[in-house]
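Fold and contact review
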Amino acid sequence: MTMPNFSYVRPKSLKEAIQQISSKGARIHAGGTDLLGCLHDDVFQVKKVVSLSRLDELRGIRQTKDGGLRIGALTPLVDIVNSKPVKEHYPALAQAASEVASPQLRNQGTLGGNICQKPRCWYYRGEFHCLRKGGSKCFAENGENHYHCIFGSGHVCYIVHPSDTAPALMALEASVRIAGPKSTKLAPLEAFYVLPGSNVEKETALEPNEIVTEILLPPPGKGDLRSGYRKVRARNSWDFALAGIAFVLEFKVDRIEKARVVLSGAAPIPWRSKPVEDALVAKRLNAGTVERASEVVVKDAEPLEHNGYKIPLFRGLIEEELTKIAESFKT
Ligand SMILES: Cc1cc2nc3c(=O)[nH]c(=O)nc-3n(C[C@H](O)[C@H](O)[C@H](O)COP(=O)(O)OP(=O)(O)OC[C@H]3O[C@@H](n4cnc5c(N)ncnc54)[C@H](O)[C@@H]3O)c2cc1C
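So, here's what we can say about the structure. (Residues numbered from 1 in each chain as written. Predicted model: local features only at pLDDT ≥ 70, side-chain atom pairs only at ≥ 80, totals over all residues. Heavy atoms only, no water.)

Below, the discussion takes up the overall build of the protein. For the protein, the count of helices and strands is twelve helices and twelve strands. Against the 2.2 N^0.38 benchmark of 20 Å for 331 residues, the protein shows a C-alpha radius of gyration of 20 Å, consistent with a compact globule. By residue count, 50% of the 331 residues in the protein fall in the buried class. Separation between the mean location of the 45 positive side-chain charges and that of the 37 negative ones in the protein comes to 6 Å. (Helix = DSSP H or I, 4+ residues; strand = E, 2+ residues; numbered from the N terminus. Rg over C-alpha atoms; globule rule 2.2 N^0.38 Å. Buried < 20%, exposed > 50% of the residue type's maximum accessible area, 1.4 Å probe, protein only. Lys, Arg positive; Asp, Glu negative; His and termini not counted. Charge placed at Lys NZ, Arg CZ, Asp CG, Glu CD.)

On to the sheet that holds strand 6 (residues 175-179). Spatially, 4-5-8-6-7 is the arrangement adopted by the five strands of the open sheet, whose pairing is antiparallel. Taken across any chain shown, the strands that pair with only one partner, and hence form the sheet edges, are strand 4 (61-63) and strand 7 (184-188). The mean inter-strand angle of the sheet, taken between neighbouring strand axes irrespective of direction, is 25 degrees. Running over the sheet, helix 1 (residues 14-21) touches strand 6 and strand 8 (211-217) and is turned about 125 degrees from strand 8. (Pairing = 2+ DSSP bridges. Axes fitted to C-alpha atoms, helices over the stretch in contact; angles between N-to-C directions. Contact = heavy atoms within 4.5 Å.)

Here the focus is the side chain of S153. You can see S153 is positioned in the loop between helix 8 (122-125) and helix 9 (165-171). In this structure the side chain of S153 is engaged in a polar contact, spanning 2.9 Å, whose partner is the backbone nitrogen of H155. Setting aside residues no more than four positions away along its own chain, S153 makes contact with Y158, P196 and P268. (Polar contact = N/O pair within 3.5 Å; in protein donor to acceptor, adjacent residues only side chain to side chain.)

The next subject is the packing of aromatic side chains. Scanning the entire structure with this criterion turns up seven aromatic pairs. On the basis of an interplanar angle of 15 degrees and a centroid distance of 5.5 Å, the ring pair of F151 and W271 is categorised as stacked. Residue F151 is located in the loop between helix 8 and helix 9, and its partner W271 is located in strand 12 (residues 271-272); the two are separated by 120 residues in the primary sequence. Seen from their ring centres, F251 and F329 are 4.7 Å apart, and the 65 degrees between their planes marks the pair as edge-to-face. Of this pair, F251 sits in strand 10 (residues 243-252) while F329 is found in the segment after helix 12 (310-328), placing the two residues 78 residues apart along the sequence. Directly above the ring of F44 sits R27, whose terminal nitrogen or CZ lies 3.6 Å from the centroid. (Phe/Tyr/Trp six-rings, centres within 6.5 Å; stacked < 30°, edge-to-face > 60°. Lys NZ or Arg CZ within 6 Å of the ring centre and 35° of its normal.)

Checked against the element boundaries, K185 lands in strand 7. Separated by 27 residues in sequence, K185 and V212 have C-alpha atoms that sit 9.7 Å apart. Excluding its chain neighbours within four sequence positions, the residues that come into contact with K185 are V176, R177, I178 and E210. Within the structure, K185 has its side chain in polar contact with the side chain of E210 (distance 2.9 Å).

Outside of glycine, negative phi angles account for most residues, and trans bonds account for most peptide bonds. Unlike most non-glycine residues, D42 shows phi in positive territory, near 60 degrees. Its relative accessible area of 33% is what places D42 among the partly exposed residues. Despite not being glycine, A101 shows a phi value in the positive range, around 45 degrees. For A101, a relative accessible area of 23% gives the class partly exposed.

Following the criterion strictly, the structure yields 24 salt bridges and no others. Note that E203 is salt-bridged to K118, the shortest N-O span being 2.7 Å. Here E203, found in the loop between strand 7 and strand 8, pairs with K118, found in the loop between helix 7 (111-116) and helix 8; they are 85 residues apart in sequence, far enough to count as distant. The partner of K202 in a salt bridge is E207, and the shortest N-O contact between them spans 3.7 Å. By relative accessible area, which is 22% here, K202 ends up partly exposed. What you see here is one network of salt bridges that share partners, running through E190, R260, R272 and E277. (Salt bridge = Lys/Arg side-chain N within 4 Å of Asp/Glu carboxyl O.)

The environment of the ligand is formed by 33 residues, the closest being I28, T33, L35, T110 and N114. A distance of 2.6 Å separates an oxygen atom of the ligand from a polar side-chain atom of N114. When isolated, the ligand has an accessible area of 970 Å², and the protein chains bury 94% of it. Elements supplying a minimum of two residues to the shell around the ligand: strand 2 (26-29), helix 7 and strand 8. By residue number, the principal contributor to the shell around the ligand is helix 7, which donates four residues. Considered class by class, the residues forming the shell around the ligand number 16 nonpolar, eleven polar and six charged. (Near = heavy atom within 4 Å. Areas by Shrake-Rupley, 256 points an atom, 1.4 Å probe, with all protein chains shown as cover. Nonpolar A, V, L, I, M, F, W, Y, C, P; charged D, E, K, R; others polar.)

Quick look at the environment of H155 now. Tracing the backbone shows H155 in the loop between helix 8 and helix 9. Sequence spacing of H155 and A241 is 86 residues, and the spatial spacing of their C-alpha atoms is 22 Å. With residues near it in sequence (within four places) discarded, H155 still touches E141 and E302.

In C-alpha coordinates, the structure reads:
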(Lines give C-alpha, C1' and ligand atoms only; values in the text may rest on other atoms or scores of the structure.)
Protein backbone atom coordinates (compact mmCIF):
# COMPACT_ATOMS: atom_id res chain seq x y z
CA MET A 1 0.00 0.00 0.00
CA THR A 2 1.32 3.47 -0.91
CA MET A 3 0.27 6.75 0.66
CA PRO A 4 -2.83 8.27 -0.97
CA ASN A 5 -2.63 11.79 -2.46
CA PHE A 6 -3.72 14.60 -0.15
CA SER A 7 -3.09 18.29 0.29
CA TYR A 8 -1.21 19.50 3.39
CA VAL A 9 -1.83 22.82 5.14
CA ARG A 10 -0.25 24.46 8.18
CA PRO A 11 -2.65 27.12 9.47
CA LYS A 12 -1.23 30.01 11.50
CA SER A 13 -4.20 30.44 13.85
CA LEU A 14 -6.79 28.28 15.58
CA LYS A 15 -9.53 30.06 13.64
CA GLU A 16 -7.88 29.20 10.35
CA ALA A 17 -7.30 25.60 11.50
CA ILE A 18 -11.00 25.21 12.28
CA GLN A 19 -11.89 26.62 8.84
CA GLN A 20 -9.49 24.17 7.20
CA ILE A 21 -10.78 21.08 9.00
CA SER A 22 -14.36 22.07 8.22
CA SER A 23 -13.95 20.93 4.60
CA LYS A 24 -14.97 17.36 3.75
CA GLY A 25 -12.23 14.76 4.00
CA ALA A 26 -9.93 16.91 6.19
CA ARG A 27 -8.06 15.41 9.16
CA ILE A 28 -6.02 16.93 11.97
CA HIS A 29 -2.30 16.19 12.15
CA ALA A 30 -0.70 16.71 15.58
CA GLY A 31 2.40 14.49 16.01
CA GLY A 32 1.19 12.24 13.19
CA THR A 33 2.35 9.00 14.85
CA ASP A 34 -1.13 7.49 14.64
CA LEU A 35 -2.57 9.45 11.71
CA LEU A 36 0.16 8.52 9.24
CA GLY A 37 -0.25 4.82 10.06
CA CYS A 38 -4.00 5.13 9.40
CA LEU A 39 -3.35 6.84 6.03
CA HIS A 40 -0.75 4.27 5.06
CA ASP A 41 -3.10 1.41 5.92
CA ASP A 42 -6.04 3.08 4.16
CA VAL A 43 -8.20 3.00 7.30
CA PHE A 44 -10.04 6.12 6.12
CA GLN A 45 -9.96 8.41 3.09
CA VAL A 46 -8.29 11.81 3.46
CA LYS A 47 -8.31 14.76 1.06
CA LYS A 48 -6.55 17.29 3.24
CA VAL A 49 -4.21 16.99 6.22
CA VAL A 50 -4.34 19.99 8.56
CA SER A 51 -1.18 20.35 10.64
CA LEU A 52 -1.48 22.04 14.05
CA SER A 53 2.29 22.52 14.28
CA ARG A 54 2.20 26.34 14.02
CA LEU A 55 -0.29 26.74 16.87
CA ASP A 56 2.15 27.39 19.71
CA GLU A 57 -0.69 28.40 22.02
CA LEU A 58 -1.72 24.72 22.09
CA ARG A 59 1.60 23.70 23.70
CA GLY A 60 2.70 23.72 27.33
CA ILE A 61 1.70 22.94 30.88
CA ARG A 62 0.68 25.67 33.31
CA GLN A 63 -1.16 26.12 36.55
CA THR A 64 -4.75 27.39 36.44
CA LYS A 65 -6.19 30.02 38.80
CA ASP A 66 -8.04 27.38 40.83
CA GLY A 67 -4.81 25.45 41.49
CA GLY A 68 -5.39 22.84 38.79
CA LEU A 69 -3.35 22.27 35.63
CA ARG A 70 -3.87 23.15 31.99
CA ILE A 71 -2.08 20.98 29.43
CA GLY A 72 -2.17 22.17 25.81
CA ALA A 73 -3.32 19.49 23.37
CA LEU A 74 -0.09 19.76 21.34
CA THR A 75 2.15 19.15 24.36
CA PRO A 76 4.46 16.20 23.60
CA LEU A 77 4.04 13.20 25.91
CA VAL A 78 7.69 13.44 26.99
CA ASP A 79 6.99 16.86 28.54
CA ILE A 80 4.20 15.32 30.60
CA VAL A 81 6.46 12.48 31.77
CA ASN A 82 9.06 15.05 32.92
CA SER A 83 6.75 17.74 34.30
CA LYS A 84 7.37 18.44 38.00
CA PRO A 85 3.76 19.45 38.86
CA VAL A 86 2.37 16.42 36.98
CA LYS A 87 4.76 14.02 38.72
CA GLU A 88 4.09 15.60 42.12
CA HIS A 89 0.32 16.06 42.06
CA TYR A 90 -0.96 13.77 39.27
CA PRO A 91 1.42 10.77 39.29
CA ALA A 92 -1.14 8.53 37.52
CA LEU A 93 -0.83 10.77 34.44
CA ALA A 94 2.99 10.94 34.50
CA GLN A 95 3.14 7.14 34.83
CA ALA A 96 0.58 6.58 32.05
CA ALA A 97 2.43 8.92 29.66
CA SER A 98 5.71 7.13 30.45
CA GLU A 99 4.07 3.82 29.47
CA VAL A 100 3.13 5.00 25.96
CA ALA A 101 5.03 3.33 23.11
CA SER A 102 8.77 4.17 22.89
CA PRO A 103 10.94 7.26 23.63
CA GLN A 104 10.80 8.33 19.96
CA LEU A 105 6.99 8.15 19.91
CA ARG A 106 6.73 10.01 23.22
CA ASN A 107 8.88 12.80 21.76
CA GLN A 108 6.71 13.10 18.68
CA GLY A 109 3.25 12.10 19.99
CA THR A 110 1.06 14.71 21.70
CA LEU A 111 -1.45 14.44 24.53
CA GLY A 112 -4.34 15.56 22.25
CA GLY A 113 -3.38 12.93 19.65
CA ASN A 114 -3.04 10.30 22.34
CA ILE A 115 -6.60 10.73 23.62
CA CYS A 116 -8.04 11.05 20.06
CA GLN A 117 -6.11 8.16 18.43
CA LYS A 118 -7.95 5.50 16.42
CA PRO A 119 -8.50 1.94 17.71
CA ARG A 120 -5.93 -0.77 17.06
CA CYS A 121 -8.32 -3.66 16.23
CA TRP A 122 -6.51 -5.61 13.49
CA TYR A 123 -9.72 -6.01 11.50
CA TYR A 124 -10.39 -2.26 11.62
CA ARG A 125 -6.78 -1.48 10.67
CA GLY A 126 -6.68 -4.26 8.08
CA GLU A 127 -8.51 -4.91 4.83
CA PHE A 128 -11.83 -5.74 6.46
CA HIS A 129 -14.89 -3.63 5.78
CA CYS A 130 -16.07 -3.85 9.38
CA LEU A 131 -18.99 -2.10 11.09
CA ARG A 132 -16.75 0.75 12.26
CA LYS A 133 -15.81 1.43 8.62
CA GLY A 134 -19.45 1.39 7.47
CA GLY A 135 -19.61 -2.36 6.79
CA SER A 136 -22.20 -4.83 8.04
CA LYS A 137 -20.22 -7.08 10.37
CA CYS A 138 -17.80 -7.14 13.31
CA PHE A 139 -15.10 -9.65 12.36
CA ALA A 140 -13.69 -9.85 15.89
CA GLU A 141 -16.87 -11.20 17.49
CA ASN A 142 -16.22 -14.74 16.23
CA GLY A 143 -12.68 -14.22 14.98
CA GLU A 144 -9.21 -13.59 16.40
CA ASN A 145 -10.37 -11.71 19.46
CA HIS A 146 -7.39 -12.17 21.80
CA TYR A 147 -6.89 -8.41 22.29
CA HIS A 148 -10.51 -7.31 22.29
CA CYS A 149 -12.86 -6.03 24.97
CA ILE A 150 -14.63 -7.76 27.85
CA PHE A 151 -16.89 -4.82 28.74
CA GLY A 152 -18.99 -2.29 26.83
CA SER A 153 -19.25 -3.89 23.38
CA GLY A 154 -23.05 -3.73 23.35
CA HIS A 155 -22.58 -6.87 21.18
CA VAL A 156 -21.84 -4.46 18.35
CA CYS A 157 -18.06 -3.82 18.15
CA TYR A 158 -15.28 -5.27 20.33
CA ILE A 159 -12.43 -2.74 20.06
CA VAL A 160 -10.50 -1.67 23.12
CA HIS A 161 -9.72 1.99 23.63
CA PRO A 162 -5.96 2.27 22.91
CA SER A 163 -4.78 5.32 24.91
CA ASP A 164 -2.79 4.95 28.14
CA THR A 165 -3.24 8.55 29.22
CA ALA A 166 -7.05 8.68 28.84
CA PRO A 167 -7.80 6.23 31.71
CA ALA A 168 -5.45 8.18 33.98
CA LEU A 169 -7.02 11.50 32.96
CA MET A 170 -10.49 10.07 33.57
CA ALA A 171 -9.49 8.82 37.03
CA LEU A 172 -8.16 12.34 37.72
CA GLU A 173 -11.51 13.87 36.61
CA ALA A 174 -10.01 15.77 33.68
CA SER A 175 -12.00 17.84 31.19
CA VAL A 176 -11.26 18.68 27.57
CA ARG A 177 -11.70 22.06 25.93
CA ILE A 178 -13.06 21.77 22.42
CA ALA A 179 -12.99 24.58 19.86
CA GLY A 180 -15.47 24.63 16.97
CA PRO A 181 -16.51 27.16 14.29
CA LYS A 182 -18.97 29.00 16.55
CA SER A 183 -17.76 28.51 20.13
CA THR A 184 -15.61 26.56 22.54
CA LYS A 185 -16.94 24.15 25.13
CA LEU A 186 -15.61 22.24 28.10
CA ALA A 187 -16.57 18.57 28.45
CA PRO A 188 -15.69 16.11 31.21
CA LEU A 189 -13.48 13.40 29.67
CA GLU A 190 -16.04 10.91 30.89
CA ALA A 191 -18.59 12.37 28.45
CA PHE A 192 -16.05 12.57 25.59
CA TYR A 193 -15.95 8.90 24.57
CA VAL A 194 -18.70 7.10 22.65
CA LEU A 195 -19.69 3.46 23.11
CA PRO A 196 -20.37 1.34 19.99
CA GLY A 197 -24.00 0.91 21.11
CA SER A 198 -24.48 4.70 20.69
CA ASN A 199 -22.54 5.14 17.45
CA VAL A 200 -20.28 2.45 16.04
CA GLU A 201 -18.47 4.78 13.62
CA LYS A 202 -17.31 7.30 16.23
CA GLU A 203 -14.92 6.93 19.15
CA THR A 204 -15.36 10.43 20.56
CA ALA A 205 -18.04 13.10 20.73
CA LEU A 206 -15.89 15.40 18.51
CA GLU A 207 -17.52 16.72 15.35
CA PRO A 208 -15.32 16.71 12.22
CA ASN A 209 -14.87 20.50 12.49
CA GLU A 210 -13.78 20.51 16.15
CA ILE A 211 -10.32 20.55 17.73
CA VAL A 212 -9.30 19.60 21.25
CA THR A 213 -7.28 22.60 22.43
CA GLU A 214 -6.46 21.74 26.03
CA ILE A 215 -6.89 19.22 28.81
CA LEU A 216 -7.75 20.55 32.26
CA LEU A 217 -7.03 18.86 35.56
CA PRO A 218 -8.87 19.96 38.70
CA PRO A 219 -6.85 20.94 41.80
CA PRO A 220 -5.52 17.83 43.55
CA GLY A 221 -7.66 16.58 46.48
CA LYS A 222 -6.71 17.68 49.98
CA GLY A 223 -6.67 14.27 51.73
CA ASP A 224 -3.93 11.63 51.66
CA LEU A 225 -3.90 10.85 47.93
CA ARG A 226 -2.61 7.74 46.21
CA SER A 227 -2.75 7.69 42.44
CA GLY A 228 -1.07 5.59 39.78
CA TYR A 229 -1.28 3.74 36.47
CA ARG A 230 -0.20 0.15 35.92
CA LYS A 231 -0.17 -1.47 32.49
CA VAL A 232 0.32 -5.09 31.47
CA ARG A 233 1.48 -5.74 27.92
CA ALA A 234 2.33 -8.87 25.95
CA ARG A 235 5.94 -7.85 25.24
CA ASN A 236 8.53 -6.09 27.32
CA SER A 237 8.94 -3.54 24.53
CA TRP A 238 6.50 -0.96 23.06
CA ASP A 239 3.00 -2.37 23.10
CA PHE A 240 -0.59 -1.43 23.84
CA ALA A 241 -2.25 -2.47 27.12
CA LEU A 242 -3.63 -6.00 27.44
CA ALA A 243 -5.00 -4.77 30.74
CA GLY A 244 -4.36 -1.70 32.83
CA ILE A 245 -5.65 0.21 35.82
CA ALA A 246 -5.62 3.91 36.67
CA PHE A 247 -6.61 4.82 40.19
CA VAL A 248 -6.98 7.80 42.49
CA LEU A 249 -7.73 6.98 46.12
CA GLU A 250 -8.24 9.67 48.74
CA PHE A 251 -7.81 8.56 52.35
CA LYS A 252 -9.15 10.26 55.46
CA VAL A 253 -7.56 8.88 58.62
CA ASP A 254 -7.56 5.13 57.85
CA ARG A 255 -10.55 4.96 55.51
CA ILE A 256 -10.94 5.52 51.78
CA GLU A 257 -13.05 8.62 51.37
CA LYS A 258 -13.08 8.77 47.57
CA ALA A 259 -12.08 6.28 44.85
CA ARG A 260 -11.86 6.59 41.06
CA VAL A 261 -10.77 3.45 39.24
CA VAL A 262 -10.57 3.28 35.43
CA LEU A 263 -9.54 0.22 33.41
CA SER A 264 -7.59 0.18 30.13
CA GLY A 265 -7.50 -2.69 27.64
CA ALA A 266 -10.99 -3.56 28.89
CA ALA A 267 -13.61 -1.75 26.82
CA PRO A 268 -14.14 0.47 23.74
CA ILE A 269 -13.76 3.47 26.05
CA PRO A 270 -11.64 3.99 29.19
CA TRP A 271 -13.81 1.89 31.53
CA ARG A 272 -14.71 3.35 34.90
CA SER A 273 -15.21 0.50 37.35
CA LYS A 274 -18.01 1.58 39.67
CA PRO A 275 -18.16 -1.90 41.32
CA VAL A 276 -14.52 -1.50 42.44
CA GLU A 277 -15.08 2.08 43.57
CA ASP A 278 -18.15 0.99 45.60
CA ALA A 279 -16.15 -1.84 47.17
CA LEU A 280 -13.54 0.68 48.35
CA VAL A 281 -15.37 3.80 49.49
CA ALA A 282 -15.78 4.18 53.28
CA LYS A 283 -13.68 1.02 53.89
CA ARG A 284 -10.30 0.40 55.47
CA LEU A 285 -7.84 -0.94 52.89
CA ASN A 286 -7.37 -4.36 54.53
CA ALA A 287 -7.11 -7.85 53.02
CA GLY A 288 -10.90 -8.29 52.98
CA THR A 289 -11.43 -5.03 51.06
CA VAL A 290 -8.71 -5.95 48.55
CA GLU A 291 -10.26 -9.38 47.98
CA ARG A 292 -13.75 -7.96 47.50
CA ALA A 293 -12.45 -5.30 45.02
CA SER A 294 -10.58 -7.93 43.00
CA GLU A 295 -13.73 -10.07 42.80
CA VAL A 296 -16.05 -7.32 41.63
CA VAL A 297 -13.71 -5.84 39.01
CA VAL A 298 -14.85 -8.53 36.57
CA LYS A 299 -18.52 -8.41 37.55
CA ASP A 300 -20.55 -8.21 34.33
CA ALA A 301 -17.50 -8.99 32.14
CA GLU A 302 -18.33 -10.78 28.88
CA PRO A 303 -15.17 -12.46 27.62
CA LEU A 304 -14.99 -13.74 24.04
CA GLU A 305 -13.55 -17.05 22.86
CA HIS A 306 -9.88 -15.98 23.05
CA ASN A 307 -9.69 -13.23 25.69
CA GLY A 308 -10.88 -15.00 28.87
CA TYR A 309 -7.32 -14.59 30.20
CA LYS A 310 -8.22 -10.93 30.89
CA ILE A 311 -10.44 -12.02 33.82
CA PRO A 312 -7.61 -13.28 36.09
CA LEU A 313 -5.39 -10.49 34.71
CA PHE A 314 -7.69 -7.71 35.91
CA ARG A 315 -8.30 -9.49 39.23
CA GLY A 316 -4.56 -9.84 39.80
CA LEU A 317 -3.88 -6.22 38.82
CA ILE A 318 -6.40 -4.88 41.32
CA GLU A 319 -5.11 -7.19 44.04
CA GLU A 320 -1.46 -6.25 43.47
CA GLU A 321 -1.96 -2.50 43.20
CA LEU A 322 -4.25 -2.24 46.24
CA THR A 323 -1.97 -4.48 48.31
CA LYS A 324 0.98 -2.22 47.40
CA ILE A 325 -0.93 0.84 48.65
CA ALA A 326 -2.00 -0.95 51.86
CA GLU A 327 1.63 -1.89 52.51
CA SER A 328 2.86 1.64 51.88
CA PHE A 329 0.95 2.72 55.02
CA LYS A 330 2.90 0.23 57.12
CA THR A 331 6.34 1.59 56.20
C1 LIG B 1 4.41 1.68 17.22
C2 LIG B 1 3.39 2.45 18.00
C3 LIG B 1 3.18 2.14 19.34
C4 LIG B 1 2.24 2.86 20.08
N5 LIG B 1 2.05 2.52 21.40
C6 LIG B 1 1.15 3.21 22.14
C7 LIG B 1 0.93 2.87 23.52
O8 LIG B 1 1.56 1.99 24.08
N9 LIG B 1 0.03 3.61 24.21
C10 LIG B 1 -0.69 4.62 23.65
O11 LIG B 1 -1.48 5.25 24.33
N12 LIG B 1 -0.52 4.93 22.34
C13 LIG B 1 0.38 4.29 21.58
N14 LIG B 1 0.57 4.61 20.25
C15 LIG B 1 -0.36 5.53 19.60
C16 LIG B 1 0.06 6.99 19.27
O17 LIG B 1 1.10 7.10 18.42
C18 LIG B 1 0.30 7.84 20.45
O19 LIG B 1 -0.77 7.64 21.30
C20 LIG B 1 0.46 9.36 20.20
O21 LIG B 1 0.34 10.02 21.43
C22 LIG B 1 -0.56 9.97 19.25
O23 LIG B 1 -0.31 11.37 19.22
P24 LIG B 1 0.00 12.17 17.87
O25 LIG B 1 0.16 13.59 18.27
O26 LIG B 1 1.10 11.56 17.11
O27 LIG B 1 -1.40 11.96 17.13
P28 LIG B 1 -1.78 12.08 15.57
O29 LIG B 1 -1.32 10.86 14.88
O30 LIG B 1 -1.36 13.39 15.02
O31 LIG B 1 -3.35 12.07 15.73
C32 LIG B 1 -4.06 10.93 16.18
C33 LIG B 1 -5.56 11.13 15.88
O34 LIG B 1 -6.11 12.14 16.70
C35 LIG B 1 -6.59 13.25 15.92
N36 LIG B 1 -6.12 14.44 16.64
C37 LIG B 1 -4.84 14.74 16.97
N38 LIG B 1 -4.80 15.86 17.70
C39 LIG B 1 -6.08 16.30 17.82
C40 LIG B 1 -6.69 17.41 18.47
N41 LIG B 1 -5.97 18.33 19.15
N42 LIG B 1 -8.05 17.56 18.40
C43 LIG B 1 -8.80 16.63 17.73
N44 LIG B 1 -8.28 15.55 17.11
C45 LIG B 1 -6.93 15.39 17.15
C46 LIG B 1 -5.96 13.08 14.55
O47 LIG B 1 -6.76 13.60 13.52
C48 LIG B 1 -5.84 11.57 14.44
O49 LIG B 1 -7.05 10.96 14.03
C50 LIG B 1 1.51 3.91 19.48
C51 LIG B 1 1.73 4.21 18.12
C52 LIG B 1 2.66 3.50 17.40
C53 LIG B 1 2.87 3.87 15.96
